[in-house]
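The primary structure of each chain is shown beneath.
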Amino acid sequence: MEEEQKIRVGITQGDVNGVGLEIIMKALAEQEMYEGFIPIIYGSPKAAAYHRKNISLQNFSLNNIREASEAHPKRVNIITCGDDNIHVEIGKPSQFAGEAAFESLKAAVEDLKKGAIDVLVLAPTSDAMMRTDSNNFTSQQDYIAQQFGVDKCLSLLVSDSMRIGIATGNSDFEHISKHISIENLQGKIQMLNKALQTDFTIRRPRIAVLSLNPTAVNESTLGKEEKNIILPAIESTQAEGICAMGPYTADTIFGNGMAFKFDAILALYHDQGATPFNAMSFENRAMYIAGLPAIVTSPIQGPDYEIAGQDKAVSEPLRAAIYLAIDTFRNRKLNADLVSNPMQTRANNETERNA
């Protein structure tokens, strides 16, 4: 691959007191890992050096640069963000570590907006530690959406065998029903359908929408949310040509293999989707933020303070997030090329019909 064609992958440092920098260095320890992309870490070189002492890596070093344009195509690059003299307290959540994580996020998102990097991967951190009186956001996802002027986006859990969107994000359970409206669900179904088409190259996605109540087995047992909100939202998107079906109860979808018959499932709240996803998906799991003009992914992994600094953290979730970002970037570019060249699309369709 030509160097100028390499995808520039920005990676935030995450929580310096957690496993973020450890899994980044482990994931990028072998140059073969990033032959097809240029890694650019946003964070503290000193914090990285501190973590480097606690893990068994051979011949690993970071290339310090001032901006993304200086990134070496065959090195692991790092841009200093915030105060590089940050005090690292392994395994201890702290406001200082949260502020450092935010400085990393802010710098990376700014470069993503400018096009200095092509995709962004978020290393594990604590949203609670990142919040301050001056930060008007509840999560990294909310901050990124604000920066891109997007009102709503969708967390999409992705594996080799399953895709599950979370309609209400990480809302507290008592507030879930307040966030479920016809307009919100309709928007999330539309967003999921578009992401499946443009970012996963699925021409006509099949989407299953879950119910809120466990009794929604048939029309006679639908709850008020299903009758008044969920079903009308599904029907309105069906009228637009979207192949959305449901509402299905979670045990119906996940209990008998139905989940694998759909291209994606829209769960209404976090545990309804994340629990079966984690139980039924074993390979290449990562989270993708749908609905953004840019590509952002993250590993399905927390800061894991309890094992930080012990050389026990695994890097596979971060690798999966990196590969998902790269694949999505290529899929989005391919889709854009096809849309801009409809004659090629028709030729492909004709070839498929004659095959």
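Regarding the overall build of the protein
Here is step 1 of the chain: Assigned secondary structure in the protein consists of 11 helices and 12 strands.
Here is step 2 of the chain: The globule rule puts the C-alpha radius of gyration for 355 residues at 20 Å, and the 21 Å found for the protein is close to it.
Here is step 3 of the chain: In terms of overall dimensions, the protein has a C-alpha envelope of 65 × 50 × 35 Å along the principal axes.
Here is step 4 of the chain: Residues classed as buried in the protein amount to 51% of the 355 residues present.
Here is step 5 of the chain: A fraction of 74% describes how many contacts in the protein between residues 6 or more apart in sequence connect residues 24 or more apart.

Notes on the side chain of Ser159
Here is step 1 of the chain: As for its position among the elements, Ser159 is in the loop between β6 (154-158) and β7 (163-166).
Here is step 2 of the chain: Among the residues examined, Ser159 registers a relative accessible area of 8% and is labelled buried.
Here is step 3 of the chain: Among the polar contacts listed, one links the side chain of Ser159 to the side chain of Ser281, at a separation of 3.1 Å.
Here is step 4 of the chain: Here Ser159 is in contact with Phe277, Ser281, Glu283, Asn284 and Arg285, once residues within four sequence places are set aside.

Section: the pairing of strand β4 (residues 77-80)
Here is step 1 of the chain: Pairing between strand β2 (residues 37-43) and β4: 4 bridges, direction parallel. Looking across to β4, one finds that Tyr42 is bridged to Ile79.

Brief notes about the nonpolar core
Here is step 1 of the chain: One finds Leu28, Phe37, Leu185 and Ile322 to be the most contacted residues of the largest nonpolar core, which totals 69 residues.
Here is step 2 of the chain: When residues in this core are grouped by element, the largest group, 7 residues, is from helix α10 (residues 316-340).
Here is step 3 of the chain: Not counting residues within four places of it along the chain, the set of residues in contact with Leu185 comprises Ala167, Ile180, Ile229, Ile230, Ala233, Leu266 and Leu268.
Here is step 4 of the chain: Within the second largest apolar cluster, 45 residues are counted, among which are Tyr42, Ala71, Ile79 and Met287.

A closer look at the environment of Ser281
Here is step 1 of the chain: Note on placement: Ser281 falls in the loop between α9 (270-280) and β11 (286-290).
Here is step 2 of the chain: Each C-alpha atom, one on Ser281 and one on Arg163, is 9.5 Å from the other, the two residues being 118 residues apart in sequence.
Here is step 3 of the chain: Setting aside residues up to four positions removed in sequence, Ser281 forms contacts with Ser159, Ser161 and Met162.

Regarding unusual backbone geometry
Here is step 1 of the chain: Note that the residue after Gly246, namely Pro247, is joined by a cis bond; omega there is 5 degrees.
Here is step 2 of the chain: Backbone geometry at Asn59 places phi at a positive 55 degrees, although glycine is not the residue there.
Here is step 3 of the chain: Mapping Asn59 onto the fold places it in the loop between α2 (45-52) and β3 (63-65).
Here is step 4 of the chain: Of note in the backbone geometry, Asp304 takes a positive phi value of approximately 45 degrees without being a glycine.

Section: the confidence of the model for the protein
Do not read the fine detail of predicted coordinates wherever pLDDT is low.
Here is step 1 of the chain: Taken residue by residue, the protein gives an average pLDDT of 90. The fraction at 70 or more is 91%.
Here is step 2 of the chain: Contacts of residues 349-355 to residues separated by more than four positions or lying in other chains number 2 contacts, the stretch itself having pLDDT below 50.

Overview of the packing of helix α3 (residues 95-114) against helix α5 (residues 140-147)
Here is step 1 of the chain: Across the interface, α3 lies against α5 with an axial gap of 11 Å and an inter-helix angle of 35 degrees. When you trace α3 past α5, the crossing you get is right-handed. Where α3 abuts α5, its residues Phe102, Leu105, Lys106, Val109 and Lys113 lie against Gln140, Tyr143, Ile144 and Gln147.
Here is step 2 of the chain: For the contact of α3 with α5, the residue count by class is 5 nonpolar, 2 polar and 2 charged.

Section: α10
Here is step 1 of the chain: In this model, α10 (25 residues) spans 36 Å end to end at C-alpha, consistent with the 36 Å of a helix rising 1.5 Å per residue.
Here is step 2 of the chain: Pro317, Leu318, Ala320, Ala321, Ile322, Leu324, Ala325, Ile326 and Thr328 are the residues of α10 that are buried.

A word on the environment of Pro303
Here is step 1 of the chain: Mapping Pro303 onto the fold places it in the loop between β12 (295-299) and α10.
Here is step 2 of the chain: On the basis of relative accessible area, Pro303 is assigned to the buried category, the value being 12%.
Here is step 3 of the chain: It is 8.0 Å that separates the C-alpha atoms of Pro303 and Asn17, two residues lying 286 residues apart in sequence.
Here is step 4 of the chain: What Pro303 contacts, discounting residues up to four positions off in sequence, is Asp15, Gly18, Val19, Pro124, Thr125 and Ser126.

Definitions and limits used
Residues numbered from 1 in each chain as written. Predicted model: local features only at pLDDT ≥ 70, side-chain atom pairs only at ≥ 80, totals over all residues. Heavy atoms only, no water. Helix = DSSP H or I, 4+ residues; strand = E, 2+ residues; numbered from the N terminus. Rg over C-alpha atoms; globule rule 2.2 N^0.38 Å. Buried < 20%, exposed > 50% of the residue type's maximum accessible area, 1.4 Å probe, protein only. Contact = heavy atoms within 4.5 Å. Polar contact = N/O pair within 3.5 Å; in protein donor to acceptor, adjacent residues only side chain to side chain. Pairing = 2+ DSSP bridges. Core = buried A, V, L, I, M, F, W, Y, C linked by side-chain atoms within 4.5 Å. pLDDT = per-residue confidence, 0-100. Axes fitted to C-alpha atoms, helices over the stretch in contact; angles between N-to-C directions. Left-handed = near helix turned anticlockwise from the far one by under 90°. Nonpolar A, V, L, I, M, F, W, Y, C, P; charged D, E, K, R; others polar. Expected span 1.5 Å × (residues − 1).

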